[in-house]
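# Observations on chain architecture
Listed below are the residues making up each chain.
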Amino acid sequence: MNSKSIFLFSLFISFFIVGLHSQSPTGKRVLVIVDDLSLQSSHSQYFDLLKEQGYSLEFLAADKANANKIHKYGEWFYDNLILFAPHAEEFAGLDAEKVLEFVDQGGNLIVVGDSELSDAVKTIGSDCNVEFDHAGAFVIDHQDYNRTEGEKHHTLVASSNYVQDKIVVGSKLNSPVLFRGIGMDIQEESPLLFSVLSGSSFSYSHSPSSAIKSLHVAGKKTSLVAALQARNNARVLFSGSLDLFSNSFFSSPVQTKKRFESSGNKEFARAVTLWTFQERGALRATNVTHHLVGESEAPAMYTVKDNIHYSVEIEEWNGKNWIPFESDNVQLEFIMLDPYLRLPLKHNKKGTYSLDFVAPDIYGVFTFQVQFHQKGYSFINLAKQVPVRPYRHTQFERFIPSAFPYYASAFSMLFGLFVFSWAFLYSAEDKPRSS
Amino acid sequence: MDTITSVFSSERKQELLLRILILALIYVIAFSTRLYSVLRYESVIHEFDPYFNFRTTQYLVNEGFYNFLNWFDEASWYPLGRIVGGTVYPGLMMTAAAVYWVLNFFNITINIRNVCVLLAPWFASNTAMITYFLSKEVKNTGTGLLAAALIAIVPGYVSRSVAGSYDNEGIAIFTLLLTYAMWIKSVKTGSLFWSGLATLAYFYMVSAWGGYIFIINLIPLYVFVLLVSGRYSSRLYIAYCTFYTIGTLLSMQITFVGFQAVQSSEHMAAFGMFGLLQIYAFLNWVKAHLSAESYNRFFTVGIASLLAFLAVSFTAATATGYISPWTGRFYTLLDPTYAKENIPIIASVSEHQPTTWASFFFDLHILVILFPAGLYFCFRDIKDVSDLRDDNRTDAKIFIICYGITSVYFAGVMVRLMLVLAPVSCVIGAIAISSTLETYLKPLKQNTTDRKNKESYPLQAEVSYAVVAALACLLVFYTFHCSWVTSEAYSSPSIVLAANQHDGSRLIFDDFREAYRWIDMNTAENARVMSWWDYGYQISAMGNRTILVDNNTWNNSHIAQVGKAMASTEENAIKIMRSLHVDYVLILFGGLTGYASDDINKFLWMVRIAGSTDPNIKEEQYFANGEFRIDAGGSPIMLNSLMYKMCFWRFGDLYTEHNRPPGWDRVRNVEIGNKDFTLDHIEEVYTTQHWLVRIYKVKDLPNHSA
């Protein structure tokens, strides 16, 4: 086989692989676990949205143990899991721990709570540092509530405080999102978590019927929908409201201080679900290479002051294909205990990020590190250790100018000694004159 | 038959035969007395440093000399790495590799490990031979034989040269004595040939051991003593000038020494003496040409201006940093309390502690008594310069006196320098014995009738017999003592431990090798193992993994980082360990077996060394009322440190002794104070059969929770 046919063959193989995976970075199989199978009709618009995107949905009732259909011999039969079962203690035979194991093995998850919610849902939340309020609580907002329904407790909240990131919520969202359900408190210092939809400054979470003594969470901290991107890039979406995804909320008009013909729920639900299922903001880094400038193979060891070339291809999933990702914020660090270099990687608009740099004059085991953590995007963590050695004994400069005086002195002394010896040996002493 | 008897007919030839026989016996005995450990255990490398030497020798044999010279070892001192070629004295490895290559060239297929194991005993035999030569030069053949016999078995030297103890000192004592023997010979003869040999021996010594500093300071000291005592001679001038110039040039060829040989303070004495000798010779020459009066004037002016010039230039060189200040270990030599106060890393090594009287006796036995006696005889035999019967042996004796007195001082300061004292005490001891014997055998040699007449005091013959018998007894006791010490104290490989059970049978603890083997077989090839520095060499040689710190304690702050991780709480330690990319942590724990030199007993050193770079770590915090305790009364910081937790994880449920509560520590003899704790960020992955080594894995960051 000559090189051309190898090339064609590998091209074919790569098309084949791309073809297999052109569906989605993680997969299109979705399992929906519901409290009540009637949800299929009450939330049908939402499920239809997903089917339009090419997802295959299967429904299971939460109260029927059916774990073998979901997970067997360490293999999961679904790529994404939607838990529309806020009241269930077990999800078709899976407990909270098992659900989180699904996430740890790369599956994406949507967890929905409600005013009344089970301990299992709370456990999933608290394991991810998302604390649901006590059962029976609602998010209440006496300012931004939907006035079309004459409901006195103002629990039907219309919030426009969604995260300003079009990767997560899309760019088409222009009307408030209706929400009725429980509030969440998220641990803000966690690097994995962020709030997708929050309450207004006037919102709080409490049971509407009892007197307020203390508040679980209030104001802008009140998280209505929160997202977590685990370290393995699996994504988890927490929503405090099941109704947010319902047909009635999708089509309901909104009347706050302004009037909107329809709520933003449909667009919001679509966007965040697609984000959670990694249709948006999914990145992958491939072809990490490093070598000396002008060579193509990585050496076993670099030497100090080497010219090193580092490159990585970063691609983004656009819903159909992996396309080149463009960003000016990708940095390369060259670390040994401390970062000796931290330089932005240049990209060529084709997804290849590369940089030529000179290794510092320090020996040790250095780490090439690329850490790209931008909200909404998959984490990129690349680390590769390479030894950087000092010069070999033959690599030092041989004849340095500052040594010339020493060479001169050595040779002049050799010469001087020779002349002296010659003079000493061959000059006859004057014989004392005999009288 | 006739021819054979005729060959040995003359007394001189018989004496030669006897001498060769005795030396051959000494050669064999010096070798075989060091084989206890091989016979009892197996042909295995001992202790810690020898494992590094073994590993580097393997590298040298496999990769060749130039790759060895340029070896950058990325698997030690992660992530700093170590330039092995430039930070070792390569003499030992070169010697072993040369032996290996020569033997294999002759198709004697011995593997490199056995060469390494047996190298030190073989060099001990050679040392005995060179001691014979040296003592012969100082006194006579009889003394030489006696000194060779003494050094063949002296425990102070055996301790560093048993089979398996593959360390620099094993060959360095040979090269040290070789240098001194050549030096004495060159001073006695004043020949360029012998001083050339002395420089070559010195070069070998420099390549083998950092202790060459002793030579390069002792020889100038000796020259100075000779000058002061008015024994300057052209022999001395030739010997020293050749030795210093060529020796220094040669020593600079060793990468590790390099420009230190002309820049560091330790070498300045030799340089100064070189200059002084030139001035002295010059003044002698001037004196021969000037009248006494003008010479005196010349002398005062010249010397005063010279001293002023020297003082100024030395101060300037030190101030600008051209001459480096003395290193910590060197200060420790001059002031034994220096390390304790300033450098915990040096003080933590047991070898660097001052010597006790007991260990003097233990290591030298009768030589302790014979040493002063021998010195007395050396002084007594000093003859005047003009004495022609002298044969220049007085110069040699003065050298032995200098060597003896300085090494006694050094041996008193640092335990491990006992090694330097042992050979010279054998020589001086031999001088004492042979001088005594000469005195008392003389009357016995005469035939009976003569003897009666010539007795200088009554019962001279009987007294002589008694003295000779007493000396013989002493020597016999010495032999027994040496064999006993060698067998009991110095032949344990320390990598395999043995204990006697109640029924007398031996129990072998092979936990170290078990653990290192486990690491080798079960962890990723690039895994990084954190441990206290003592075990670094062994992990890299036997476990074959990257380590953070090892026995080459050149970077105090890096060791302090490891100490800090061990001394911190788990939450703080995990940050340090993650930043250093640690995958596994290895600790030694003796609580179950009663093995006393485990990590808990070394723990205070970790705290001290960590505290020397990070003032937040304070030793007092680990004490409860001034006591280091691990029971319920221990300080909470101690009981929650990572080291405590790793040592005593799951230990609280374990019954170790009858009638004791669970969690009874058999080293400290207490019940541990904190039994109920969890490990969040690390997990136990392996514990050896007798719990001597425990290995923990650093967990990854949790996937979904922060």
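Residues numbered from 1 in each chain as written. Chains lettered and ligands numbered in written order. Predicted model: local features only at pLDDT ≥ 70, side-chain atom pairs only at ≥ 80, totals over all residues. Heavy atoms only, no water.

## A few points about the overall build of chain B
For chain B, the count of helices and strands is 32 helices and eleven strands. On C-alpha atoms alone, chain B measures out to a radius of gyration of 29 Å, which is about the 27 Å that the 2.2 N^0.38 rule sets for 706 residues. Reported as C-alpha extents along the three principal axes, the dimensions of chain B are approximately 95 × 70 × 60 Å. Sorting the 706 residues of chain B into buried and exposed places 53% on the buried side. (Helix = DSSP H or I, 4+ residues; strand = E, 2+ residues; numbered from the N terminus. Rg over C-alpha atoms; globule rule 2.2 N^0.38 Å. Buried < 20%, exposed > 50% of the residue type's maximum accessible area, 1.4 Å probe, protein only.)

## Points about helix α6 (residues 119-127) of chain A
Residues and elements named next belong to chain A. The set of residues buried in α6 consists of A120, V121, I124 and G125. Angularly, the buried residues of α6 cover 140° about the axis, an arc narrow enough to put them on a single face. Against the buried residues of α6 lie β5 (80-84), α5 (96-104), β6 (108-112), β7 (130-132) and β16 (235-239). Of the residues flanking the end of α6, it is N129, one or two places downstream, whose phi is positive at about 65°. (Arc of directions from axis to C-beta. Contact = heavy atoms within 4.5 Å.)

## What about the interface of chain B and chain A?
In this complex, chain B contributes 21 residues to the contact, which on the side of chain A involves 28 residues. For the interface between chain B and chain A, the tally reads zero salt bridges. Where chain B meets chain A, there are twelve residue pairs in polar contact (both at pLDDT 80 or more). A per-class count over the side of chain B that touches chain A returns eleven nonpolar, eight polar and two charged. (Salt bridge = Lys/Arg side-chain N within 4 Å of Asp/Glu carboxyl O. Polar contact = N/O pair within 3.5 Å; in protein donor to acceptor, adjacent residues only side chain to side chain. Nonpolar A, V, L, I, M, F, W, Y, C, P; charged D, E, K, R; others polar.)

## Concerning the sheet that holds strand β23 (residues 331-336) of chain A
Spatial strand order, β20-β28-β27-β23-β24 (chain A): five strands in an open sheet with mixed pairing. The sheet terminates laterally at β20 (302-303) and β24 (338-344) of chain A, the two strands that pair on one side only. (Pairing = 2+ DSSP bridges.)

## Examining helix α27 (residues 536-543) of chain B
Residues and elements named next belong to chain B. α27 sits mainly inside the fold: seven of its eight residues count as buried. Within α27 the residues assigned to the buried category are G536, Y537, Q538, I539, S540, M542 and G543. N544 sits one or two residues past α27 and shows a positive phi near 65°.

## With respect to the pattern of salt bridges
All names here are of chain B. Counting across every chain of the model gives 38 salt bridges over all chains. Note that K564 is salt-bridged to D614, the shortest N-O span being 3.0 Å. Residue K564 is found in helix α28 (residues 556-567), and its partner D614 is found in the loop between α30 (599-613) and α31 (636-639); the two are separated by 50 residues along the sequence. Here D631 and R629 are joined by a salt bridge, their closest N and O atoms 3.1 Å apart. You can call D631 buried: its relative accessible area is 15%. Connected through shared salt-bridge partners, K139, R380, D381 and E438 make up one network.

## Here's the deal with the side chain of D550(B)
Residue and element names in this part refer to chain B. Inspection of the secondary structure puts D550 in the loop between β6 (546-547) and α28. Here D550 occupies a buried position and makes no salt bridge, while the nearest side chain of opposite charge, R82, is found at 4.6 Å. Side-chain polar atoms of D550 contact the side chain of W77, separated by 2.9 Å. At 2.9 Å, the side chain of D550 forms a polar contact with the backbone nitrogen of N552. (Lys, Arg positive; Asp, Glu negative; His and termini not counted.)

## Regarding the confidence of the model for chain A
Detailed reading of the predicted coordinates is not advisable wherever pLDDT is low. For chain A, per-residue confidence averages 88 on the pLDDT scale, and residues scoring 70 or more make up 93% of the total. For the stretch residues 14-22 of chain A, pLDDT sits under 50, and the model shows three contacts to residues farther than four places along the chain or on other chains. (pLDDT = per-residue confidence, 0-100.)

## Regarding the pairing of strand β3 (residues 497-500) of chain B
All names here are of chain B. Across four bridges, β3 lies against strand β4 (residues 506-509) in antiparallel orientation. For A499, the partnering residue across the bridge sits in β4 and is L507. The loop that links β3 with its antiparallel partner β4 comprises five residues; one of these, G504, has a positive phi angle of about 95°.

## Digging into the nonpolar core
Formed by 268 residues in total, the largest nonpolar core has its most connected members in V196(A), F268(A) and M577(B). Those residues in contact with V196(A), other than ones at most four positions away along the chain, are N161(A), Y162(A), V163(A), V168(A), V169(A), V225(A), A226(A), A227(A), L237(A), F268(A) and V272(A). Listed in part, the 41 residues of the second largest apolar core include V99(A), I186(A), A230(A) and F379(A). (Core = buried A, V, L, I, M, F, W, Y, C linked by side-chain atoms within 4.5 Å.)

## Section: the packing of aromatic side chains
The description of an aromatic ring pair uses the distance of the two centres, along with the angle that the planes make with each other. All names here are of chain B. This model, assessed by the stated rule, comprises 73 aromatic pairs over all chains. Measuring from centroid to centroid gives 5.7 Å for F214 and Y403, while their planes differ by 55°, and the two rings are tilted. Pair noted here: F214 is in helix α12 (residues 212-228) and Y403 is in helix α22 (residues 393-413), with a separation of 189 residues, a long-range link. For R506, the ring lying beneath its charged end belongs to Y41, and the centroid distance is 5.4 Å. Positioned over the ring face of W605 is R608, at 4.5 Å from the centre of the ring. (Phe/Tyr/Trp six-rings, centres within 6.5 Å; stacked < 30°, edge-to-face > 60°. Lys NZ or Arg CZ within 6 Å of the ring centre and 35° of its normal.)

## Structural notes on unusual backbone geometry
Here the residue pair Y78(B) and P79(B) is connected by a cis peptide bond, since its omega of -5° sits within 30 degrees of zero. On the secondary structure map, P79(B) appears in the loop between β1 (72-73) and β2 (82-83). Residues other than glycine seldom take positive phi values, yet Y73(A) does so here, at roughly 50°. Within the element layout of this structure, Y73(A) appears in the loop between β3 (71-72) and β4 (75-76). Here Y73(A) falls in the exposed class, since its relative accessible area comes to 78%. Phi is positive for N233(A), close to 75°, though the residue is something other than glycine. Here N233(A) shows up in the loop between β15 (223-229) and β16.

## A few points about the environment of R517(B)
Residues and elements named next belong to chain B. Within the secondary structure, R517 is located in helix α26 (residues 511-522). On the basis of relative accessible area, R517 is assigned to the exposed category, the value being 51%. Along the primary structure R517 and L306 are separated by 211 residues, whereas in three dimensions their C-alpha atoms are 64 Å apart.

## Describing the packing of helix α10 (residues 168-189) of chain B against helix α23 (residues 418-445) of chain B
Residue and element names in this part refer to chain B. At a closest axis distance of 11 Å, the pairing of α10 and α23 adopts a crossing angle of 45°. Classified by the angle their axes make, α10 and α23 are oblique. Here α10 and α23 pass one another in a crossing that is right-handed. Contact with α10, carried on its side by E169, I173, L176 and L177, involves L419, V420 and P423 of α23 and no other residues of that element. Class assignment of the residues belonging to the contact of α10 with α23 gives a composition of six nonpolar, no polar and one charged. (Axes fitted to C-alpha atoms, helices over the stretch in contact; angles between N-to-C directions. Parallel < 35°, antiparallel > 145°, perpendicular 65-115°, else oblique. Left-handed = near helix turned anticlockwise from the far one by under 90°.)

## Section: the sheet that holds strand β10 (residues 682-687) of chain B
All names here are of chain B. The five strands are arranged β6-β5-β7-β11-β10 in an open sheet whose pairing can be described as mixed. At either end of the open sheet lies a strand with only one pairing partner, and these are β6 and β10. Here β10 pairs with strand β11 (residues 693-698) via five bridges, running antiparallel. The residue bridging Y686 from the neighbouring strand is I695, located in β11. Sheet strands in contact with α26 are β5 (528-530), β7 (584-588), β10 and β11, and its direction is about 25° off that of β11.

## So, the pairing of strand β14 (residues 203-206) of chain A
All names here are of chain A. Residues S203 and S205 of β14 are buried on one face, and the alternating residues Y204 and H206, pointing to the opposite face, are buried as well. Relative to β14, strand β8 (residues 138-141) runs antiparallel, the two sharing four bridges. Residue pairing across strands places F138 opposite H206, the latter belonging to β14.

## Observations regarding the environment of L237(A)
All names here are of chain A. Within the secondary structure layout, L237 lies in strand β16. For the pair L237 and F277, spaced 40 residues apart in sequence, the C-alpha separation works out to 9.7 Å. When near neighbours in sequence (up to four residues on either side) are disregarded, L237 contacts L109, I110, V111, V196, V225, A226, A227, V272 and T276.

## Remarks on a negative patch on the surface
Residue and element names in this part refer to chain A. A cluster of like negative charges, contributed by E89, E90, D95, E97, D119 and D127, occupies part of the molecular surface. Among the secondary structure elements, E89 is positioned in the loop between β5 and α5. A relative accessible area of 46% places E89 in the partly exposed class. (Patch = residues over 30% accessible without salt bridge, like charges linked within 9 Å, V, L, I, M, F, W, Y side chains within 5 Å. Areas by Shrake-Rupley, 256 points an atom, 1.4 Å probe, with all protein chains shown as cover. Charge placed at Lys NZ, Arg CZ, Asp CG, Glu CD.)

## Some thoughts on the packing of helix α21 (residues 367-380) of chain B against α22(B)
Residues and elements named next belong to chain B. Where α21 meets α22, the closest approach of the two axes is 9 Å, and the angle between their N-to-C directions is 150°. Relative to α22, the element α21 is oriented roughly antiparallel. Note on packing geometry: the crossing formed by α21 with α22 is left-handed. Contacts between α21 and α22 involve F371, L375, C378 and F379 from the former and K397, I400, I401, G404, I405 and V408 from the latter. The residue makeup of the contact of α21 with α22, split by class, is eight nonpolar, one polar and one charged.

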